Amino acid sequence: MSYAGDGDFYAFGALHSRTVYLDALLLGSLQRDHIDELTDELSDVFDTTQLARRVATLERNIAVFRSTYWRQHLTAHGPANELLLAFQQQHRLPDRFGEILAEAADYSRLVQTQESQQISGALGILTVLGLPLGTALGILQVIGDESLLHLLVALGLSVAATATALATPYGRLVLSSLRRGSRL
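Residues numbered from 1 in each chain as written. Predicted model: local features only at pLDDT ≥ 70, side-chain atom pairs only at ≥ 80, totals over all residues. Heavy atoms only, no water.

Draft legend 1. Looking closely at the pattern of salt bridges. This structure, assessed with the given rule, holds 4 salt bridges. For R32, the salt bridge is made with D33, and the minimal N-O distance between the two is 3.7 Å. Taking the relative accessible area as the measure of exposure, D33 reaches 37% and is therefore partly exposed. One salt bridge connects E99 with R92, and the closest N-O pair in it is separated by 3.4 Å. Relative accessible area serves as the criterion here: at 47%, E99 is assigned to the partly exposed category. (Salt bridge = Lys/Arg side-chain N within 4 Å of Asp/Glu carboxyl O. Buried < 20%, exposed > 50% of the residue type's maximum accessible area, 1.4 Å probe, protein only.)

Draft legend 2. Layout of the packing of aromatic side chains. In the structure shown here, the tally under the stated rule is 5 aromatic pairs. When the ring of F65 is compared with that of F97, the centres are 5.0 Å apart and the planes differ by 65°; the resulting orientation is edge-to-face. Note that F65 is positioned in helix α2 (residues 51-68) and F97 in helix α4 (residues 93-143), a separation of 32 residues in sequence. The residues F65 and F97 share a single accessibility class, namely buried. Aromatic side chains W70 and F97 sit 5.1 Å apart centroid to centroid with 40° between the ring planes, which places their arrangement in the tilted category. Residue W70 is found in the loop between α2 and α3 (79-90), and its partner F97 is found in helix α4; the two are separated by 27 residues along the sequence. Both residues of the pair, W70 and F97, belong to the buried class. Among the aromatic residues, ring-to-ring pairing joins F65, Y69, W70 and F97 into one connected group. (Phe/Tyr/Trp six-rings, centres within 6.5 Å; stacked < 30°, edge-to-face > 60°. Helix = DSSP H or I, 4+ residues; strand = E, 2+ residues; numbered from the N terminus.)

Draft legend 3. Geometry of the packing of α2 against α4. Taken N-terminus to C-terminus, the directions of α2 and α4 make an angle of 150°; their axes are 10 Å apart at the nearest point. Of the two possible hands of crossing, α2 and α4 adopt the one that is left-handed. Across from L51, A52, V55, L58, E59, I62, F65 and R66 in α2, the residues of α4 making contact are F97, I100, L101, A104, Y107, S108, L110, V111, Q114 and E115. Taken together, the residues of the contact of α2 with α4 break down into 13 nonpolar, 2 polar and 3 charged. (Axes fitted to C-alpha atoms, helices over the stretch in contact; angles between N-to-C directions. Left-handed = near helix turned anticlockwise from the far one by under 90°. Contact = heavy atoms within 4.5 Å. Nonpolar A, V, L, I, M, F, W, Y, C, P; charged D, E, K, R; others polar.)

Draft legend 4. Structural view of α4. Under the 1.5 Å per step criterion, the end-to-end length of α4 is 73 Å for 51 residues, consistent within 8% with the ideal 75 Å. If you look at α4, its biggest bend is around 30°, right at G130, and the proline P132 turns up within four residues after that. Directly after α4, the chain includes G144, whose backbone phi takes a positive value near 75°. (Expected span 1.5 Å × (residues − 1). Bend = angle between axes of the 7 residues up to and from the residue.)

Draft legend 5. Here's a closer look at the confidence of the model for the protein chain. Summing up the model confidence of the protein chain, the mean pLDDT is 83 and the portion of residues at 70 or higher is 86%. No element of the protein chain has a lower mean pLDDT than helix α6 (residues 169-181), at 73, and none a higher one than α2, at 94. (pLDDT = per-residue confidence, 0-100.)

Draft legend 6. Region of the structure containing the side chain of Q31. Of note, Q31 is situated in helix α1 (residues 9-43). Those residues within four positions of Q31 in sequence are excluded, and the remaining contacts are F65, Y69, W70, R71, L84, Q88 and L93.

Draft legend 7. Broad picture of the nonpolar core. In this structure, I35, L38, L58, I62 and F97 are the most contacted members of the largest nonpolar core, which totals 17 residues. Counting only elements with at least two residues in this core, the list comes to α1, α2 and α4. Looking at this core element by element, the count peaks at 6 residues for α4. Residues in contact with F97, not counting those within four places in the same chain, are I35, L38, I62, F65, R66 and W70. (Core = buried A, V, L, I, M, F, W, Y, C linked by side-chain atoms within 4.5 Å.)

Draft legend 8. Inspection of helix α5 (residues 148-167) at higher detail. The end-to-end C-alpha distance of α5, which contains 20 residues, comes to 29 Å, matching closely the 28 Å that a straight helix rising 1.5 Å per residue would cover. Within α5 the residues assigned to the buried category are A154, S158 and T162. Across the axial projection of α5, the buried residues extend over an arc of 75°, all falling on one side. Exposed side chains of α5 directed beyond 90 degrees from the buried face belong to L149, L152, L157, V159 and T164. Against α4 lie the buried residues of α5. Looking at where α5 begins, the residue whose side-chain oxygen comes 3.3 Å from the main-chain nitrogen of L149 is S147. (Arc of directions from axis to C-beta. Polar contact = N/O pair within 3.5 Å; in protein donor to acceptor, adjacent residues only side chain to side chain.)

Have a look at this one:
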């Protein structure tokens, strides 16, 4: 009595076990290649002036990798999982992916800090510009003055007050934060 033959259960079992093991190695190779690509993307993050866009693309690529390829198990149990885990450990894939996540999080915090500085600078400019102008126009409205000459004088005084405010250390800080923010 023969236990192996064409088209019987044993042939199917032998083929299935070989493909599961091959799948484990192929998945590990895909994971390694994608982690190499993500590492290259991290290295190139500062090669452009569009840091925020570059970090957003990197975060999207990490999320796609994690949801599509980052698996620790192929089956419920068995040698295929052990083979995949051994491949991952041999190539330090969990450690490398953890480093990628940490570095991407650092870059994300950097972008958030820069955006916060830009927003603060814009709000500072609005305050420096709007307060003198709003005060001048409010005074003219309260006293009921509709003279075009008085309106022009009020606008001139508010521009002078704004220029004076921008010449202060706070004003220079606001302007410099806006200049840094425009390079995001």
